[in-house]
Amino acid sequence: MKSLFKKSTYILPAAMLLFACGGKETKKATTLEAKITKTKQLDIEKPQLTFGFIKLTDMAPLAIAKEKGFFEDEGLFVSVEAQSNWKNVLDRVIDGQLDGSHMLAGQPIAAGAGFGRQAKLVTPFSMDLNGNGITVSNDVWSKMKPNVPKDGDGKPVHPIKADALKPVITEYKNAGKAFKMGMVFPVSTHNYEIRYWLAAAGIHPGMYTKENVQGQIDAEVLLSVTPPPQMPATLEAGTIFGYCVGEPWNQQAVFKGIGVPVVTNYDIWKNNPEKVFVMTEKFIEENPNTAVAVTKALIRAGKWLDKPENRKEAVKILSMSQYVGAPEEVLANSMTGTFEFEKGDKREMEDFNVFYKYNATYPFYSDGIWFLTQMRRWGQIPEAKPADWYASTIKDIYRPDIWKKAAALLVEEGNIPATDVPDTDGYKPATADFIDGTTYDAKDPLGYINSFKIGNKDKK
């Protein structure tokens, strides 16, 4: 009854106003009513919401859900606010200053697994696949390039492995100079991706211990934290010689002529999960319908984003100062099916940014377990855990049950086809889509950890 009352409250004034303007407007009122009533609104416990994000392309589902009216269709009135860094995002969600946020996939997992600030956080929605790259300075690229195989046209063969970087690191070491690279947060996908890329070439990116949380023990490459929008300026200043970050900050380096992206995370782990949308467990327990409604709106946004004909409009929206605020041409470099490496070397990359295809929005347990294996691999989880610990830990954090409730309503409304709902127990099949050919099986996390070349000492 309350839901019906809400609909009437929104529809009646609009219909009366439009009717007063003449017959042509009456038709618009009918269309408006049809649009509103198509959505099966739930009994929303908290309609006024504030969500956070970092200025990155992959915050797009939040911007689109707001700008295209998907939140409003659900009876939600949402403000989205840019945050300064990932720690600030985490703290503000935990402290209740934000109702939810765009977040690094590793953040809610670390919060529930014992690394960093502890809290009960929940992920009902995965925001995207892929979207990151590793960029090096022009000087480093000039030294790497002779080590990279060329195709018949003299262009670098991709993916470029870190083997090409290894002699450059040795050169810096022999000159008594530490080789420094940036990533965005200790439990970010970016940290694990750059570590994976380096380790696959036999380059040690350092270990964490309970006492030393810098992650630089025995490191041949010193990785440090830099907020995403500051990456290009930090590279240009010479503070770091390369970085791993999400878009548009790799393409910005190309645009500014200060660096060259050498590999994307699509090549490191094909169709890997990137950001997630996070709320506290407390918020979801107190506002279960609101959580489902938010998830519905975000799924619709992901679907809208993955229609190629919508990407140019998405770029315009993201370029607005209240969202990413980067130039349209920079955003379009990766958002419209291409990615530019060395200046002028623009390549087709349809799946660089994926927001809906391949069940991108579904929070797979197997994705979450991969992050736990990386935390264990590099010492952020310092003690050995039994195999079943990985599965039981992630089931408290990743909540496909919320996603499925939202999807069932969207199917009923005709907003998504039933075939878009994965028939799964929460696990993807074992995959070998890694740059080093490693097979990852989430149901055998210990076997996976023990297969690594670097960082697997005494792992069980």
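What this report covers is the structure whose coordinates are included nearby. (Residues numbered from 1 in each chain as written. Predicted model: local features only at pLDDT ≥ 70, side-chain atom pairs only at ≥ 80, totals over all residues. Heavy atoms only, no water.)

1. Section: the overall build of the protein chain
- Tallying secondary structure elements over the protein chain gives 20 helices and 14 strands in all.
- Its C-alpha atoms give the protein chain principal-axis dimensions of about 80 × 50 × 35 Å.
- When each of the 460 residues of the protein chain is scored for burial, the buried share is 58%.
- Put simply, the protein chain shows about 18300 Å² of open surface, and 53% of that area lies on carbon and sulfur atoms.
- In the protein chain, the 56 positive side-chain charges and the 56 negative ones have mean positions that sit 1 Å from each other. (Helix = DSSP H or I, 4+ residues; strand = E, 2+ residues; numbered from the N terminus. Buried < 20%, exposed > 50% of the residue type's maximum accessible area, 1.4 Å probe, protein only. Areas by Shrake-Rupley, 256 points an atom, 1.4 Å probe, with all protein chains shown as cover. Lys, Arg positive; Asp, Glu negative; His and termini not counted. Charge placed at Lys NZ, Arg CZ, Asp CG, Glu CD.)

2. Some thoughts on the packing of helix H17 (residues 365–377) against helix H18 (residues 387–394)
- Running from amino to carboxyl end, H17 crosses H18 at an angle of 125 degrees, the nearest separation of the two axes being 9 Å. In terms of orientation, H17 and H18 fall into the oblique class. Between H17 and H18 the crossing geometry is right-handed. Where H17 approaches H18, its residues Tyr 365, Gly 368, Ile 369, Leu 372, Thr 373 and Arg 376 are matched on the opposing element by Trp 389, Tyr 390, Ala 391, Thr 393 and Ile 394.
- Grouping the constituent residues of the contact of H17 with H18 by class yields seven nonpolar, three polar and one charged. (Axes fitted to C-alpha atoms, helices over the stretch in contact; angles between N-to-C directions. Parallel < 35°, antiparallel > 145°, perpendicular 65-115°, else oblique. Left-handed = near helix turned anticlockwise from the far one by under 90°. Contact = heavy atoms within 4.5 Å. Nonpolar A, V, L, I, M, F, W, Y, C, P; charged D, E, K, R; others polar.)

3. Points about helix H11 (residues 249–256)
- Of all eight residues making up H11, six are buried, and the element is well covered by its neighbours.
- Considered for burial, the residues of H11 that qualify are Trp 249, Asn 250, Gln 251, Gln 252, Ala 253 and Val 254.
- Buried residues along H11 sit against strand E6 (132–137), helix H10 (231–236), strand E9 (242–246), strand E10 (259–264), helix H16 (328–335) and strand E12 (338–340).
- Looking one or two residues beyond H11, the residue adopting positive phi is Gly 257, at roughly 75 degrees.

4. A look at the pattern of salt bridges
- Within this structure, the stated rule accounts for 27 salt bridges.
- For Arg 117, the salt bridge goes to Asp 95, with nearest N and O atoms at 2.7 Å. With Arg 117 in the loop between helix H6 (106–113) and strand E4 (121–126) and Asp 95 in the loop between helix H5 (86–94) and strand E3 (100–104), the pair connects residues that are 22 residues apart, well separated along the chain.
- Judged by relative accessible area, Asp 95 falls into the partly exposed class, the value being 45%.
- Among the charged side chains, a salt-bridge network with shared partners connects Lys 87, Asp 91, Asp 95 and Arg 117. (Salt bridge = Lys/Arg side-chain N within 4 Å of Asp/Glu carboxyl O.)

5. Some thoughts on the pairing of strand E8 (residues 222–225)
- Pairing of strand E7 (residues 180–183) with E8, which is carried by four bridges, proceeds in the parallel orientation. Bridge pairing in E8 links Met 181 to Leu 223.
- Traced from E7 through helix H9 (residues 189–199) to E8, the parallel crossover comes out right-handed. (Pairing = 2+ DSSP bridges. Right-handed = clockwise from strand over helix to strand, strands pointing away.)

6. Description of unusual backbone geometry
- Here the amide bond leading from His 158 into Pro 159 is cis, since omega sits at 0 degrees, within 30 degrees of zero.
- Position of Pro 159 relative to the elements: it lies in the loop between helix H7 (138–144) and helix H8 (166–174).
- Of the consecutive residues Glu 247 and Pro 248, the connecting peptide bond is found in the cis state with omega at 15 degrees.
- Phi is positive for Asp 218, close to 60 degrees, though the residue is something other than glycine.
- Within the secondary structure layout, Asp 218 lies in the loop between H9 and E8.

7. Examining H5
- Within the span of H5, buried status applies to Trp 86, Val 89, Leu 90, Asp 91, Val 93 and Ile 94.
- The opening residue of H5 is Asn 85, an N-cap whose side-chain oxygen sits 3.1 Å from the backbone nitrogen of Lys 87.
- In the stretch just after H5, Gly 96 is the one whose phi turns positive, near 85 degrees. (Polar contact = N/O pair within 3.5 Å; in protein donor to acceptor, adjacent residues only side chain to side chain.)

8. Thoughts on the nonpolar core
- Core analysis: the largest hydrophobic core is formed by 89 residues, its most contacted members being Met 144, Leu 165, Phe 179 and Trp 197.
- For Met 144, the residues in contact, after removing those within four places along its chain, are Val 136, Ile 160, Ala 164, Leu 165, Val 168 and Val 262.
- Ranked by size, the runner-up nonpolar core spans 53 residues in total, among them Ile 44, Leu 76, Met 335 and Ala 407. (Core = buried A, V, L, I, M, F, W, Y, C linked by side-chain atoms within 4.5 Å.)

9. Brief notes about the environment of Ala 406
- Mapped onto the elements, Ala 406 comes out in helix H19 (residues 400–413).
- Between the C-alpha atoms of Ala 406 and Ala 297, which are 109 residues apart in sequence, the distance is 8.7 Å.

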